[in-house]
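Fold and contact review
The lines below spell out each chain.
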Amino acid sequence: MTEPSKVIHVRNVGPEISENDLLQLVHPFGVVSKLVMLRAKNQALLQMQDVASAVSALQYYANVQPSVRGRNVYVQFSSHQELTTADQNSQGRKGDQDAQPNRILLVTIHHLLYPITVEVLHQVFSPHGFVEKIVTFQKSAGFQALIQYQSRQSAVSAINSLQGRNIYDGCCQLDIQFSNLTELQVNYNNERSRDFTNPSLPSEQKGGSSQSGYGDGGGMYPLQPPGARPGWSPSAMSFIQMGNASAIAAAFGGGLPPGISGTNDRCTVLVSNLNPDEIDEDKLFNLFSLYGNIVRIKLLRSKPDHALVQMGDGFQAELAVHFLKGAMLFGKRLEVNFSKYPNITPAPDTRDYSNSNLNRFNRNAAKNYRYCCSPTKMIHVSTLPQDITEEDIVAHLEKHGVIVNTKLFEANGKKQALVLFENEEQATEALVCKHASPIDGSTIRISFSQLQTI
């Protein structure tokens, strides 16, 4: 058996899995100090801050099958006790040594949410040396590009610095290897190909064929990413930042969930078919704050089973409508739709939550977007007292339904728990009633878990 180590070895890491995905996998258990993606082997090495954090992660995943983007991954202690700079540079490149280093790079872009043009690639790669030619094309592996440098040293510098990095924040990940080509042929200077040594080449005729000889053709996306500007800073590795829409898209694994357009600008949601004997503003806050920050909530006195909920922005409102429509709560099936009112006017009968420290998306917004889902049978309870027992947790929650199983564990030095109810409605009731409730001086936080079993 491998000796415990702060380095975790992850297997079956497919090309769709990014560094951020793996960080999220072990985030509850501690800080990751180093990460090496072994792309050629579909593997990765994660170095936790200490051995205890790695032990906690592996103990947890001994009982729960870890899954990333729908793919089962497998974790174990690495034979490495610590990752060195040499490990990061050499091990990450072992799989690429089949191709002899030369001045031409083959670049594959994973999680392509926004257009990658010749100009963008030139901006990313030119800090490492003079780029002579760029050709982009579409193949079965996805969007790809060939980058020809003036010297082999520049190509080596680029591959060591840029492999595995994202062009835009959270997406458009670079997967780079050396090409076996000796010279690129460029016929046109346009948005798909460019010869920087021959600016007099013609641009391609509209409707003409793609740069021949390298790929299957295919057009580029017509939209530019919101907030993207040429201010990329290669020295600080602060790749181009995108707006809120892209953060949500990246959180959902390279795209938006079916039914989410990402373009909604209506912030207020109308909730109907509520149980007026059980519901109040705080319970609605506890439920809807899973999908975004809450500005105001208004119960409609003329229609006691109706309420208005104003979310922080249109994206968050769209997530709430998508994930909560048809959810069961207090014996009623909720109707959740966009309201005709753009916002809720402050009034004595309106509850204001704009400054509430219980709004979840003021910090770690990307992580909270990632955890958005429809109500499930499993809830995750955090910020628990250190001396709490499973019996204490059951006693706190059992009035809301039949508890099938519980698991108490420690992550990053803090007690947390998973609680499995008999059905989604019971779990939802426990969440709306007990989120932000006190236990022995601690204010607990509850969210839905996407795990199927404990």
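Residues numbered from 1 in each chain as written. Predicted model: local features only at pLDDT ≥ 70, side-chain atom pairs only at ≥ 80, totals over all residues. Heavy atoms only, no water.

Residues with a pLDDT of 70 or more make up 83% of the protein, whose mean pLDDT is 82. Mean pLDDT in the protein bottoms out at helix 3 (residues 85–90), which sits at 48, and peaks at helix 7 (residues 281–288), which reaches 98. Throughout residues 88–98 the model reports pLDDT below 50, and contacts reaching past four residues in sequence, or to other chains, amount to 18 contacts. In the predicted structure, residues 216–243 sits below a pLDDT of 50 and forms 53 contacts with residues beyond four places in sequence or in another chain. (pLDDT = per-residue confidence, 0-100. Helix = DSSP H or I, 4+ residues; strand = E, 2+ residues; numbered from the N terminus. Contact = heavy atoms within 4.5 Å.)

For the rest of this paragraph, the subject is the environment of arginine 351. Counting through the fold element by element, arginine 351 comes out in strand 19 (residues 350–352). C-alpha of arginine 351 to C-alpha of isoleucine 297: the two residues are 54 residues apart in sequence and 5.3 Å apart in space. Residues in contact with arginine 351, not counting those within four places in the same chain, are Glu281, Asp282, Val295, Arg296 and Ile297. Here aspartate 282 takes part through its side chain, which lies 3.1 Å from a polar atom of the side chain of arginine 351. (Polar contact = N/O pair within 3.5 Å; in protein donor to acceptor, adjacent residues only side chain to side chain.)

For helix 10 (residues 390–397), every residue scored as buried is listed here: Ile393, His396 and Leu397. Viewed end-on, helix 10 has its buried residues packed into an arc of 85°, placing them on one side of the element. Residues Glu391 and Ala395 are exposed on helix 10 and point more than 90 degrees away from its buried face. (Buried < 20%, exposed > 50% of the residue type's maximum accessible area, 1.4 Å probe, protein only. Arc of directions from axis to C-beta.)

The next point concerns the side chain of glutamate 429. One can find glutamate 429 in helix 11 (residues 424–434). Buried and unpaired, glutamate 429 has no salt bridge, with lysine 399 as the nearest side chain of opposite charge at 6.7 Å. For glutamate 429, the side chain forms a polar contact with the side chain of histidine 400, separated by 3.1 Å. If near-sequence neighbours (up to four positions away) are discounted, glutamate 429 is found in contact with Leu329, Phe330, Lys399 and His400. (Lys, Arg positive; Asp, Glu negative; His and termini not counted. Salt bridge = Lys/Arg side-chain N within 4 Å of Asp/Glu carboxyl O.)

The biggest cluster of nonpolar side chains holds 49 residues, and the ones touching the most others in it are Leu287, Phe288, Tyr291, Met311, Ile379 and Phe448. Discounting chain neighbours no more than four positions away, the residues touching methionine 311 are Cys267, Val269, Phe288, Tyr291, Gly292, Asn293, Ile294, Val295, Gln316, Ala317 and Ala320. (Core = buried A, V, L, I, M, F, W, Y, C linked by side-chain atoms within 4.5 Å.)

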